[in-house]
Amino acid sequence: MTANFGWLRKQLAGIVALLLILGLFLVARLPSVSAAEQDSMASKFHFTPMTIALPAAEKSQSIRTVNKQYKDIAAWISSVGAAIALNDISGSGKANDLCLVDTRSDQVVITPSPDSGPRYAPFALDPAPALPTWDYMAPMGCVPGDYNEDGRTDVLAYYWGRTPVLFLQKATAAKFDAAAFQPVELVAGNHRGPDGKYNGPMWNTDSVTIGDFDGDGHVDIFIGNYFPDSRVLDPNADGGITMNQSMSHALNSGAKYIYRWTGAASGANPSAQYVDASQGIPEVARYGWTLASSATDIDGDSLPELYIANDFGHDRLLYNKSTPGHIELAEVTGVRGITDPKSKVLGNDSFKGMGVDFGDLNHDGLYDLFVSNITTSWGIEESNFQFMNTANNTIDLRKQLQDGVAPFDDVSGSQGTAWSGWGWDVKIQDFNNGGENQIAQATGFVKGQVNRWPNLQELATAHDGMLSNPLWWPNARAGDDIGGDHTLHFFVKSADGRYTDLAPQLGLAVPVPTRGIAVGDTDGDGLPEFAVARQWEAPIFYHNDSPNPGKYLQLKLTTDAPVAPGPLPAAGPPAIGAQATVTTADGKKYLGRVDGSSGEAGRRSFDVQIGLGHNVSGPLDVHLQWRDRTGQLRTQNLKLEPGCHMYQLGTTAKEAM
C-alpha cells in the first residue's frame, strides 16, 4: 500500500499534466456555430457607422511626450486616454450628447451625436484660465453627472498629471457652449504655483466611477490612479518614475480615493464640495494599477458594491457596509474549486484587469459580471472572465458577502467568451431588444509596423525584480506594433447558450485599437446606439438600425429635487443607483439600473434600458428601488406597458409629464 502510494505521488505531476491536456483538448473541441447560423444570428442586428464632429484643435499628435526614463517605451506610455460617454448633457430629453477625449488633440470634447443633427457647435472643455494647468498633463476620461445637484448635467474630467476637474453647468447660461461650464477643483486647495501653473498633487488617474457609497442620498466619487504620483508626461524630467514591480501582484501604484459629497451651489457660479473618505477603502485594496471600475449594487440594499479592475494583479470586489456619512467597504473573494486555476477565482487573479461591467446574463434576477483581460494567442493568453452569480437569491447573496465570500464562477471558457485579444472596455447590453444581453468589447493596444510581441513575451517571463525599472523593458516606440490589428468584439448568445463573436459579420471588426464603448438611445426609438473611442484614430458612432427589434422598457429616472431655473433646458437630476426589475409571466427577470459609469473608458447613459423580446405582453410587473435625497430606502411596484416612461423618485415614484 505504501509502495503504491509512493509510486502515485511520483507520477502525480504527469497525471496532472495529462488531465490538463485532456481538459484543453475538450475545451478546444467545444461545439462551434456554423457559418449559416452565424449569418442568421447576425441578421437580427444592423449598425450604421457615422462620423463624429470634432472642434478645431491647436495640436495633433500620434504619441505623447514622456519622462526621459520612459523614452524607449513611449508608445506603451501613450497607449491610453481615448474615452467616450453618451448622455443627455444639453437637456434635449435624449441621450444624444457625446463627451469624449481625443488623444490626438488631448481635448475633452462635447459634441452632438451625429444622428441628432448639428444642434450646437462641438466645443472643448479646458480648466484654464480659471484653474491652473501645466504643459505636461493630459485628459484620460470624462464622466457625466449632476455633481452640484441642480438638475443640469455636468462633466468630471480626470487626467494624468493633475487632480480631476468638475465642469459644472451654469444655470444662467443662455448658450450651450464651453462658457456654459464652470471648472471647479474636486480636490480642495490652492493648486496654483508661484509661476501661475499647476502645482498640486501629481495624480495619474485612469478610472472614475460614481455612486452613493454611504447611502445618504448624494452621489460620491471613486478615483483609481495608475502610475504613482509622478511627472509621467514631462520630457524635461529624468526619473522620479517607476513601472509595476510585478506582472502578477504589483502594488507600487497610485492610490485609490473616495470623495464624499458634502454640499453644492448652483447659479452663475456653481460649486460642489467633497471630502476625502478614502479611509473607507480597506488597506488591502488601496493600491493596484487600476484601469477600470464599477459601482453597482449587487445585493439589493441600494448601497453600491465597488469592483476595481487592476492591471498586473488582483482585482478587488468590495462589499458595501456603509452608513450615512461613513463609508466602509470590505473585500470579498471567490472560493476556489478543485478544478479552478487560482487566477480564475474572483479576487485572486494575476491577470491584467482592463474593463468591467455588470449585467444579468441568465435572467435569474442577480447581477453577473464580465472582466476584460489580455487574451492574445501567441502573445499573452490569459482569459477574460465571465463571472456568473451562483447565489440562490439576493438574501443568500447578501449573507455570503457578509461572510467575505463572492459567489461567482468564471465560465468564459465553456461559454466562448474567454479569448478575444488585448481587452479593454466592455458593455453588457441588449442591442436589439431581443430579450438577451450581448457583450461588446474593445480590444487592441499599439498600432505600428514592427511586431513587438516577442519582446513582450520575454518581458512577461522576466524576474519581477527587474520590472519596476523602465530600463529593462523592451522597446515600444513610435512605429512598433503590439495587437494593433485587434478589433471590436460583439458576443451574441447562440441557440445552445454559448456566445459567438459576430463583429466580422456586422462590419464592426475594423483593425484599429479601441478603448471605450459608450451606450445610449440617442434618437428615442428604444434601440441603444453605441460610440467607440479609438486610440490615436478618430472616434466612431454606430447608429442602431437593427431590423424587427423586440419590445423594451426604457425608464428615465430622476430624483424629485428641483431643477435650477435658467434659459437652457435641463436633463433633471439622475437617480444614480436606482434599480428596476421586470418579472415576466414565465418567471424570467430582467434587471436595469441607473449606471454611474461602469467600465474602462466608456460610459452608458443614465437611461434604464431593458430589452424584453417579442413574446412579452403588458402590463409589465416592474419593481423599482432607490434611495431618496434623505438616504431613505424606497421601493414601489408598478404596472407598466412596454415603451418609454419617465418617473421622479422621492418618497414615492411619480410619473413625470
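- For the protein chain, the name recorded in an unreviewed UniProt entry is FG-GAP repeat domain-containing protein, with Amycolatopsis plumensis as its organism.

### Quick look at a nonpolar patch on the surface
Line of reasoning, step 1. Taken together, the side chains of Met466, Leu471 and Trp472 define a hydrophobic patch exposed on the protein surface, amounting to about 340 Å² of accessible area.
Line of reasoning, step 2. As for its position among the elements, Trp472 is in the loop between helix H7 (464-467) and strand S25 (480-481).

### So, the pairing of strand S26 (residues 489-493)
Line of reasoning, step 1. Buried residues dominate S26, accounting for four of its five residues.
Line of reasoning, step 2. With three bridges connecting them, strand S23 (residues 438-443) and S26 associate as antiparallel partners. Directly across from Gln441, in S26, lies its bridge partner His489.
Line of reasoning, step 3. Bridging between S26 and strand S27 (residues 499-501) involves three bridges; their strand directions are antiparallel. Directly across from Val492, in S27, lies its bridge partner Thr500.
Line of reasoning, step 4. Adjacent in sequence and paired antiparallel, S26 and S27 are bridged by five residues, among which Gly497 carries a positive phi angle near 90 degrees.

### Brief notes about the pattern of salt bridges
Line of reasoning, step 1. Using the criterion set out here, one finds 27 salt bridges in the structure.
Line of reasoning, step 2. In this structure, the salt-bridge partner of Glu436 is Lys493, at a minimum N-O distance of 3.3 Å. Of this pair, Glu436 sits in the loop between strand S22 (423-429) and S23 while Lys493 sits in strand S26, placing them 57 residues apart in sequence.
Line of reasoning, step 3. Residues Asp621 and Lys639 are paired through a salt bridge, measuring 2.4 Å at the closest nitrogen-oxygen approach. In this pair, Asp621 is assigned in strand S36 (residues 620-627) and Lys639 in strand S37 (residues 633-640), connecting sequence segments 18 residues apart.
Line of reasoning, step 4. By relative accessible area, Asp621 is classed as partly exposed at 36%.
Line of reasoning, step 5. Several salt bridges converge on common partners, so that one network encompasses Asp357, Arg593, Asp595 and Arg604.

### Observations concerning the environment of Ile221
Line of reasoning, step 1. Within the secondary structure layout, Ile221 lies in strand S11 (residues 220-225).
Line of reasoning, step 2. Ile221 gets classed as buried once you look at its relative accessible area, which sits at 0%.
Line of reasoning, step 3. As for Ile221 and Arg260, which are separated by 39 residues in sequence, their C-alpha atoms are 6.6 Å apart.
Line of reasoning, step 4. If near-sequence neighbours (up to four positions away) are discounted, Ile221 is found in contact with Tyr147, Leu156, Leu186, Val208, Thr209, Ile210, Phe213, Tyr257, Ile258, Tyr259 and Tyr274.

### Here we look at helix H2 (residues 35-42)
Line of reasoning, step 1. By the burial criterion, the buried members of H2 are Gln38, Met41 and Ala42. Viewed along the axis of H2, the buried residues span an arc of 95 degrees, placing them on a single side of the element.
Line of reasoning, step 2. On its buried face, H2 is in contact with S26 and S27.

### What about the UniProt feature "domain: ASPIC/UnbV" (unreviewed entry) in the protein chain?
Line of reasoning, step 1. The UniProt record annotates "domain: ASPIC/UnbV" (unreviewed entry) at residues 575-632.
Line of reasoning, step 2. In this annotation, residues 575-632 is assigned 0% helix and 45% strand; the end-to-end C-alpha distance for the span is 13 Å.

### Concerning the sheet that holds strand S12 (residues 256-265)
Line of reasoning, step 1. Reading across the sheet, the four strands line up as S10-S11-S12-S13 and stay open at both edges, with antiparallel pairing between neighbours. A strand with exactly one partner marks an edge of an open sheet, and here the two such strands are strand S10 (205-211) and strand S13 (271-276). Averaged over neighbouring strand pairs, the angle between their axes works out to 30 degrees when direction is ignored.

### Let's talk about the state of the cysteines
Line of reasoning, step 1. Taken as a whole and judged by the stated rule, the model has one disulfide.
Line of reasoning, step 2. There is a disulfide in this structure between Cys99 and Cys142, and the S-S distance comes to 2.3 Å. A residue pair is termed long-range when its members are at least 10 positions apart, and Cys99 in strand S3 (residues 97-102) and Cys142 in strand S6 (residues 138-145) qualify at 43 residues. For the pair shown, Cys99 and Cys142 are each scored as buried.

### Digging into the nonpolar core
Line of reasoning, step 1. Formed by 102 residues in total, the largest nonpolar core has its most connected members in Trp76, Ile77, Trp422, Phe490, Phe530, Leu557 and Leu624.
Line of reasoning, step 2. Contact partners of Phe490, with chain neighbours within four places excluded, come to Phe45, Phe47, Phe431, Gln438, Ile439, Ala440, Thr500, Asp501, Leu502, Ala503, Leu506 and Leu508.
Line of reasoning, step 3. In this structure, Met137, Cys142, Ala157 and Phe176 belong to the second largest nonpolar core, which totals 27 residues.

### What about the sheet that holds S26?
Line of reasoning, step 1. With antiparallel pairing, the four strands of this open sheet are ordered in space as S22-S23-S26-S27. Looking along the sheet, the strands with just one partner apiece sit at the ends: S22 and S27. Going across the sheet, the axis of each strand differs from the next one's by a mean of 25 degrees, ignoring polarity.
Line of reasoning, step 2. Sheet analysis places S22 next to S23, joined by five bridges and oriented antiparallel. For Gly423, the partnering residue across the bridge sits in S23 and is Thr443.

### Let's talk about helix H4 (residues 394-402)
Line of reasoning, step 1. A side-chain oxygen of the first residue of H4 lies 3.1 Å from the backbone nitrogen of Ile395; this N-cap is Asn393.
Line of reasoning, step 2. Looking one or two residues beyond H4, the residue adopting positive phi is Gly404, at roughly 90 degrees.

### Here we look at the packing of aromatic side chains
Line of reasoning, step 1. Scanning the entire structure with this criterion turns up 31 aromatic pairs.
Line of reasoning, step 2. Ring centres 4.8 Å apart and planes at 80 degrees place the aromatic pair Tyr120 and Phe176 in the edge-to-face group. Residue Tyr120 is located in the loop between strand S4 (107-112) and strand S5 (123-125), and its partner Phe176 is located in the loop between strand S8 (165-169) and strand S9 (181-185); the two are separated by 56 residues in the primary sequence. As far as burial versus exposure is concerned, Tyr120 and Phe176 are alike and both buried.
Line of reasoning, step 3. Ring geometry for Trp134 against Tyr136: centres 5.8 Å apart, planes inclined by 85 degrees, an arrangement best described as edge-to-face.
Line of reasoning, step 4. Residue Trp134 is classed as buried on the basis of its relative accessible area, which comes to 12%.
Line of reasoning, step 5. Site record: aromatic cluster; members linked through ring pairs are Phe45, Phe47, Phe431, Phe490, Phe530 and Tyr542.
Line of reasoning, step 6. Taking the ring centre of Trp134 as reference, the NZ or CZ of Arg231 above it sits at 4.9 Å.

### Considering the side chain of Ser343
Line of reasoning, step 1. Note on placement: Ser343 falls in the loop between strand S17 (329-332) and strand S18 (355-359).
Line of reasoning, step 2. For Ser343, the side chain forms a polar contact with the side chain of Ser350, separated by 2.7 Å.
Line of reasoning, step 3. Ignoring anything within four residues of it in the chain, the contact list for Ser343 reads Asn348, Asp349, Ser350, Phe351 and Phe385.

What counts, and where the lines are drawn
Residues numbered from 1 in each chain as written. Predicted model: local features only at pLDDT ≥ 70, side-chain atom pairs only at ≥ 80, totals over all residues. Heavy atoms only, no water. Patch = residues over 30% accessible without salt bridge, like charges linked within 9 Å, V, L, I, M, F, W, Y side chains within 5 Å. Areas by Shrake-Rupley, 256 points an atom, 1.4 Å probe, with all protein chains shown as cover. Salt bridge = Lys/Arg side-chain N within 4 Å of Asp/Glu carboxyl O. Helix = DSSP H or I, 4+ residues; strand = E, 2+ residues; numbered from the N terminus. Buried < 20%, exposed > 50% of the residue type's maximum accessible area, 1.4 Å probe, protein only. Pairing = 2+ DSSP bridges. Contact = heavy atoms within 4.5 Å. Arc of directions from axis to C-beta. UniProt positions renumbered as here; feature names shortened; annotations may be inferred. Axes fitted to C-alpha atoms, helices over the stretch in contact; angles between N-to-C directions. Disulfide = S-S within 2.5 Å. Core = buried A, V, L, I, M, F, W, Y, C linked by side-chain atoms within 4.5 Å. Polar contact = N/O pair within 3.5 Å; in protein donor to acceptor, adjacent residues only side chain to side chain. Phe/Tyr/Trp six-rings, centres within 6.5 Å; stacked < 30°, edge-to-face > 60°. Lys NZ or Arg CZ within 6 Å of the ring centre and 35° of its normal.

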